[in-house]
Amino acid sequence: MDDYEAFYREHRCKLFSYLMRMTADYQLAGDIMQESFTRVLSTYAPEERGLALLFRVARNVALDCMRKNRIYGETGLEQDFADPAGGEKRIMVREEYREMLNGLQKLDKEDRDLLALVASTPLSYDEISEIVGIRNANLRVRIHRARTRLKQILDRRE
Amino acid sequence: MHEMISLYIDDELSIKEKLVFLDRIHHDRSYFLSAADFVRYEQRLQSDVVDDLPDICLPDVFLSSPGKKRWVVPLAIAAVIVLCVLWLSPFYQRMEPLTIERRFVLYQPGAVQVEISGTFTGWKPVPLKQVGTSGYWELNLELAPGEHRFSYIIEGERVLTDPTVLAQEHDDYGGMNSIIVVENKA
């Protein structure tokens, strides 16, 4: 397996998870994932590529989409419910994930971005701080506030 | 203090903070219950239940295939031989210079530090020199012919494109770069 494919296979799950949490849109998350990998692989040498760079690029693409008012909301997961092959436990887990996605969409996009980054990647606060442009001392407070807000949103729904 | 719960979840506690955190959850039951609650929610947030990722099409050049590589090594060897011949040939040595001098000038009166960063500096900031008390800053650099991207950095923080260059583009960091084309004029 060459460098490109190895890079793609190593990081695609984390990136797609981040983009689903940001957009709650299966199709859009896939489009942004394709754009992000294409940009990183075509613009940067292997020694420059890394998780932080990939997420920085993907975040910029996702935020650009939001600025252009792309339509969000379709999780694209409904078709899975039509296939009960996984059994009851699998359906319950998916429903819980959809509630979490809906809760994330109710946060403002900065809070959603922070939680999506910490939940989807092994990036440190220092690395996230460089990506989002918030100092570490402020970042730790912002992340906890975002978690608190999300918890309040989910508590209200239950 | 409550943000220590998030630091605990994200493995960002220092050793000293770990001791404080452990002491707090040991002695404060409500704090312990709150921390446990946040961890449960985090477990839900981190659960991934998309079984199938969408198929994406990377351009063919990114995909490996044993058949495509058969021609690469002979072509690389041929390219090296051609480059060596050209490098040693008298004809090549009479050819145009490899670099062209380019003067960069920016008017920033009141600034104490002006730097330039671009493809020709490996994106490392290089300081410009002040031109007396005129408010102008300048730097002469040797650039290879071709397209280059760059921007100015004021006081180590503010990034400016070149006001004299029309061509610009967004970079991957939310900023803008100027684009210039250096041509041989000999």
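Everything numeric here is computed off the predicted structure, so don't read it as measured data. Residue numbers here run from 1 along each chain, matching the order of that chain's written sequence. By the order in which they are written, chains take letters starting at A while ligands take numbers starting at 1. Under the rules for a predicted model, residues below a pLDDT of 70 receive no local features and side-chain atom pairs below 80 are neither given nor counted, while totals for whole chains, interfaces and linings still include all residues. The side-chain quantities take in all heavy atoms of the structure and omit both hydrogens and water.

I'm lost on the overall build of chain A in this one. Help?
Counting from the N terminus, the helices are DSSP H or I runs at least four residues long and the strands are E runs at least two residues long. Of the regular secondary structure elements, chain A holds eight helices and zero strands. Going from the N terminus to the C terminus, chain A shows its helices and strands as α-α-α-α-α-α-α-α. When a residue's accessible area, from a 1.4 Å probe over protein chains only, is under 20% of the maximum for its type it is buried; when over 50% it is exposed; and in between it is partly exposed. Residues classed as buried in chain A amount to 50% of the 158 residues present. The criterion used for residue contact is that any of the two residues' heavy atoms lie within 4.5 Å. Taking the intrachain contacts of chain A between residues at least 6 apart in sequence as the baseline, contacts between residues at least 24 apart amount to 65%.

What is the right way to look at a nonpolar patch on the surface in this model?
All names here are of chain B. Taken together, the side chains of Tyr107, Val131 and Tyr136 make up a nonpolar region of the molecular surface, amounting to roughly 280 Å² of accessible area. Topologically, Tyr107 is positioned in strand 1 (residues 100-107). Here Tyr107 falls in the partly exposed class, since its relative accessible area comes to 46%. Patch definition: residues with relative accessible area over 30% and no salt bridge; like charges joined within 9 Å; nonpolar side chains (Val, Leu, Ile, Met, Phe, Trp, Tyr) joined within 5 Å. To measure how exposed things are, a 1.4 Å probe is used in the Shrake-Rupley method; for residues, cover is taken only from the protein chains shown. Salt bridges are counted wherever a side-chain nitrogen of Lys or Arg sits within 4 Å of a carboxyl oxygen of Asp or Glu.

Explain the nonpolar core to me, please; I cannot follow it from the model alone.
Within soluble globular proteins, side chains that are nonpolar generally end up buried alongside one another. Ranked by internal contacts, the top residues of the largest apolar core, which has 64 residues, are Leu15 and Leu19 of chain A. A per-element tally of this core places helix 3 (residues 51-67) of chain A first, with 11 residues. Those residues in contact with Leu19 of chain A, other than ones at most four positions away along the chain, are Ala24, Ala29, Ile32, Met33, Ala58 and Ala62 of chain A. Core analysis: the second largest hydrophobic core is formed by 17 residues, Leu143, Tyr152, Ile154 and Val165 of chain B among them. Working definition of a nonpolar core: buried Ala, Val, Leu, Ile, Met, Phe, Trp, Tyr and Cys residues. They are joined through side-chain atoms within 4.5 Å.

What is the right way to read the pattern of salt bridges from this model?
Pairing of side chains with opposite charge becomes possible as their charged atoms draw close. The final tally for this structure, using the stated rule, is 16 salt bridges over all chains. Put simply, Lys151 of chain A and Asp155 of chain A hold a salt bridge, and the shortest N to O gap is 3.5 Å. Here Lys151 of chain A pairs with Asp155 of chain A, and both are found in helix 8 (residues 136-157), just four residues apart, close to one helical turn. Overall, the relative accessible area of 35% leaves Asp155 of chain A in the partly exposed class. One continuous salt-bridge network, built from bridges that share partners, spans Lys151 and Asp155 of chain A together with Asp37 and Arg40 of chain B.

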